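Results of the structural survey
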Amino acid sequence: MDRVILRRLELLNQLSLTETQKDEVIAFFADRENDAKVLENIDTSNVERMVHVMPVMTVVREDIPSQPFSRDDLQKGAPETDEGYWCVPRVVE
Amino acid sequence: MKYETVIGLEVHVELATQSKIFCSCSAHSYGAEPNEHVCPACCGMPGMLPVVNKRVVDYGMKAGLMLGCHINRVTTFDKKSYYYPDLPAAYQTTQWFAPVAVNGLVEIETSKGKKGVRIKQIHMEEDAGKLVHDIREDTTHVDFNRTSVPLIEIVSQPDLSSAEEVVAYLDRLKNLLRYARVAECEMAHGTMRCDVNLSVRPEGSDKLGVRTEMKNMNSIEAIKRAIEYETARHIDALENNTEVLVQETRRWDDIKGKSFAMRTKETAGDYRYFPDPNVMPVVIDDNWFDEIKSSLPEFPEVKRERYMSEYGLGEYDTEQITKSIALCECFEEAAKTCGDAKNAANWIISEVMSILNLRQMTYDMLTVSGKSLGELITLVSGGKVGRANAKKILAAMFDDASINPEEYANANGFVISNDTGLIDKVVKEVVESDPKSVADYKGGKEKALMALFGRCMKELKGNCDPQTLRKILIEYIDKI
Ligand SMILES: [Zn+2]
């Protein structure tokens, strides 16, 4: 975080910070960057990756096909369809 | 200066499941009306939740084990963001952080000998839809039948160095995945697709050159041509400064025989991968893992060894039969049923394979059971049915796999008659009706006897032991 980036954020968020506030914000972000560097230096090579914050697992479904929805129902909200296709603005020249 | 080509492949394989990966829509869109197999989930309607198809995980594991991978017992799905009309949710559900299988090894054989190709990972993901641009000029038409059809992507390390090696690697993948019956792997049907990552460097250098990715090769031949073209383009750029190579994705145009820049290559960051909060981790417990492991087929080379040592088959016969797991299963069962492995192998190679070829079926499409084939072989070797009629029965078994050969032979008059009275009668008729052939034979023309023999066999509708007929025919003529 430097004065150029902060100025941009100020404009985007329609804020106006005093010089003292600007110094405070820049110092605050510098501290947070240092915190992140501490984390980066921790050796996690032997730590198993956490896959989920909760001890949960998915349920699975048997491989049996069914067709509970009709195409017509699904296309009711479509701005444009043609012979069963959805129509979208042309994507190739 | 000499150069070497460094190639890594990303191979997409459509899994042979009945339903899609996250919803129960049919996964078979061939011949279907546009958007016939769609539901709110695979159309990306807001709020729809995916439910994982167990068989996709089964097949992902099988593929991983066949390719020598470590299976991640906790495997997770992630969202890969890209914005294009063939992807209605604007993200693809795929695997990034914990793919189902990692760190595999596949052995290939080329004219230069054997070589291992390392597999980086295999991940499960959903396919995208199809866009049609030529129905109308003002819009693009979208068909979501293929959306969410399950795929695995097999990512190799950059261990390949020529078109020959790439072809051998793809053949090996096809062979192994077909053996495990997880996929059809037919490039012409789009059930196997291959992107080629290629770079060129001075021979012996340990630094990789600028890498380009090529897409849109629809056949093995096209892949060969694309690799040769791209290698030449890279070397030309390095030697003659004809252009500056950039990391990009290129589209192969097989008719023009050239590759064209499509877009600068995205990096992982561009896709904003993140864990899909809608799919909880898939946990593969010991029971599930063991069930899959024990369902794996014997590897092709183990089978080949065994066919030669256990059944005494020659190298050619072994090579032919082990091309397909369906042929192998048919052969093993037929050999068991008729008790004559060499005979069973002959029948598979000369009759079964030729009917498959004639009907333009892949070997894996064989539905004739080994047991029925074995029974048919027993009928022929026991002298009950003539070979020509046995072929007719086999053809009928291709049309209806439930046919019992013996019953069919009885019902259609294909049983060899031991009624020598009938044979005598036919021989007498044929010989008397053709004195010229008889005279020719007596004058020393062997061919004339074959003509008479053929006509007798035809009159007998093939239901006669050839040796018996030949004996009776010669004796009859000699007596004249
Ligand atoms: Zn669906």
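As the structure is a computational prediction, the values presented were derived from the model and not from experiment.

1. Here we look at the overall build of chain A
When helices and strands are counted, chain A shows three helices and three strands. In chain A, the order of α-helices and β-strands from amino to carboxyl end is α-α-β-α-β-β. What you see for chain A is a C-alpha radius of gyration of 27 Å, clearly larger than the 12 Å of a compact globule of 93 residues, by over 25%. By principal-axis analysis of the C-alpha atoms, chain A measures approximately 65 × 45 × 30 Å. Within chain A, the fraction of its 93 residues that count as buried is 15%. As displayed, chain A has an accessible area near 7800 Å², and 57% of this comes from carbon and sulfur atoms. Across chain A, the 11 positively charged side chains and the 19 negatively charged ones have centroids separated by 4 Å.

2. Describing the coordination of the zinc ion
All names here are of chain B. Every protein donor of the zinc ion is listed here as Cys23 (SG), Cys25 (SG), Cys39 (SG) and Cys42 (SG), and their distances to the metal cover 2.3 to 2.4 Å. Given four donor atoms and angles of 101 to 114° at the metal, the environment of the zinc ion is assigned as tetrahedral. For the zinc ion, the donor residues sit on a single chain with the sequence spacing C-x1-C-x13-C-x2-C. Note on accessibility: Cys39 and Cys42 belong to one class, buried.

3. Observations concerning helix 5 (residues 300-310) of chain B
Residues and elements named next belong to chain B. For helix 5, the set of buried residues is Pro300, Lys303, Arg304, Arg306 and Tyr307. Contacts from the buried residues of helix 5 go to helix 2 (163-179), helix 6 (315-321) and helix 7 (325-338). A positive backbone phi angle near 70° is found at Gly312, which sits one or two residues after helix 5.

4. Concerning the pairing of strand 1 (residues 3-14) of chain B
Residue and element names in this part refer to chain B. Along strand 1, ten of the twelve residues are buried, which leaves the element largely enclosed by surrounding structure. The sheet contact formed by strand 1 and strand 12 (residues 192-202) spans eleven bridges and is antiparallel. What sits directly across from Val13, in strand 12, is Met192. Pairing between strand 1 and strand 11 (residues 150-156): five bridges, direction antiparallel. By the bridge assignment for strand 11, Glu14 is matched with Leu151.

5. Remarks on the sheet that holds strand 5 (residues 78-81) of chain B
Adjacent strands of a sheet form backbone hydrogen bonds with each other and so pair up, either parallel or antiparallel. Residues and elements named next belong to chain B. Strand order in the open sheet formed by three strands is 6-5-16, and the pairing between neighbours is antiparallel. Because the sheet does not close on itself, it has two edges, and the strands there are strand 6 (91-94) and strand 16 (274-275). Across four bridges, strand 5 lies against strand 6 in antiparallel orientation. Each bridged residue has a counterpart across the sheet, and for Lys80 the counterpart in strand 6 is Gln92.

6. Digging into the domain arrangement of chain B
The assigned domain composition of chain B is domain 1 (3-287), domain 2 (298-411) and domain 3 (420-479). Computed from C-alpha coordinates alone, the two centres of domain 2 of chain B and domain 3 of chain B are separated by 33 Å.

7. Points about the packing of helix 2 of chain B against helix 5 of chain B
Residues and elements named next belong to chain B. Contact pair helix 2 / helix 5: the axes reach a minimum separation of 10 Å and the direction vectors enclose 80°. By the angle class used here, helix 2 and helix 5 are roughly perpendicular. Mapping the contact onto sequence places Arg172, Asn175, Leu176 and Tyr179 in helix 2 and Pro300, Glu301 and Lys303 in helix 5. Along the lines of polarity and charge, the residues of the contact of helix 2 with helix 5 split into three nonpolar, one polar and three charged.

8. Considering the environment of B:Leu15
Residue and element names in this part refer to chain B. Tracing the backbone through its elements, the reader meets Leu15 in the loop between strand 1 and strand 2 (52-53). A C-alpha to C-alpha distance of 9.1 Å links Leu15 and Arg181, two positions 166 residues apart in sequence. In contact with Leu15, not counting residues within four places along its chain, are Val56, Tyr59, Pro150, Leu151, Ile152 and Val182.

9. Notes on the side chain of B:Thr17
Along the chain, B:Thr17 falls in the loop between strand 1 and strand 2. Note on B:Thr17: relative accessible area 0%, which makes it buried. Within the local environment of B:Thr17, its side chain forms a polar contact with the backbone oxygen of B:Ser19, the two atoms lying 2.8 Å apart. Apart from residues no more than four positions distant in its own chain, B:Thr17 is found in contact with A:Asp63, B:Ala27, B:His28, B:Asn53, B:Arg55, B:Val56, B:Tyr59 and B:Pro150.

10. Details of the interface of chain B and chain A
Opposite the 50 residues of chain B that make contact, chain A presents 31 residues. Joining chain B to chain A, the criterion identifies three salt bridges. Its salt-bridge partner being B:Arg136, residue A:Asp82 comes within 3.3 Å of it at the nearest N-O pair. Taken together, the elements giving at least two residues each to the side of chain B that touches chain A come down to strand 2, helix 1 (54-66), strand 9 (130-132), strand 10 (139-143) and strand 17 (282-283) of chain B. Tallying contributions element by element places strand 10 of chain B first for the side of chain B that touches chain A, with five residues. Residues of the side of chain B that touches chain A, tallied by class, amount to 28 nonpolar, 13 polar and nine charged.

11. Quick notes on the environment of B:Ala388
Residues and elements named next belong to chain B. Among the structural elements, Ala388 can be located in helix 10 (residues 387-399). By relative accessible area, which is 52% here, Ala388 ends up exposed. With 208 residues separating them in the primary sequence, Ala388 and Ala180 have C-alpha atoms 35 Å apart.

12. Digging into the side chain of B:Asp86
Its location among the elements puts B:Asp86 in the loop between strand 5 and strand 6. The buried charged residue B:Asp86 lacks any salt bridge, with B:Arg146 as its nearest oppositely charged partner at 5.9 Å.

Each value, and the rule that gives it
Residues numbered from 1 in each chain as written. Chains lettered and ligands numbered in written order. Predicted model: local features only at pLDDT ≥ 70, side-chain atom pairs only at ≥ 80, totals over all residues. Heavy atoms only, no water. Helix = DSSP H or I, 4+ residues; strand = E, 2+ residues; numbered from the N terminus. Rg over C-alpha atoms; globule rule 2.2 N^0.38 Å. Buried < 20%, exposed > 50% of the residue type's maximum accessible area, 1.4 Å probe, protein only. Areas by Shrake-Rupley, 256 points an atom, 1.4 Å probe, with all protein chains shown as cover. Lys, Arg positive; Asp, Glu negative; His and termini not counted. Charge placed at Lys NZ, Arg CZ, Asp CG, Glu CD. Donors = N, O, S within 2.8 Å, 3.2 Å for Na, K, Ca; no water. Tetrahedral: all angles 85-135°; square planar, octahedral: opposite > 155°, others 65-115°. Contact = heavy atoms within 4.5 Å. Pairing = 2+ DSSP bridges. Domains from an automatic or database assignment. Axes fitted to C-alpha atoms, helices over the stretch in contact; angles between N-to-C directions. Parallel < 35°, antiparallel > 145°, perpendicular 65-115°, else oblique. Nonpolar A, V, L, I, M, F, W, Y, C, P; charged D, E, K, R; others polar. Polar contact = N/O pair within 3.5 Å; in protein donor to acceptor, adjacent residues only side chain to side chain. Salt bridge = Lys/Arg side-chain N within 4 Å of Asp/Glu carboxyl O.

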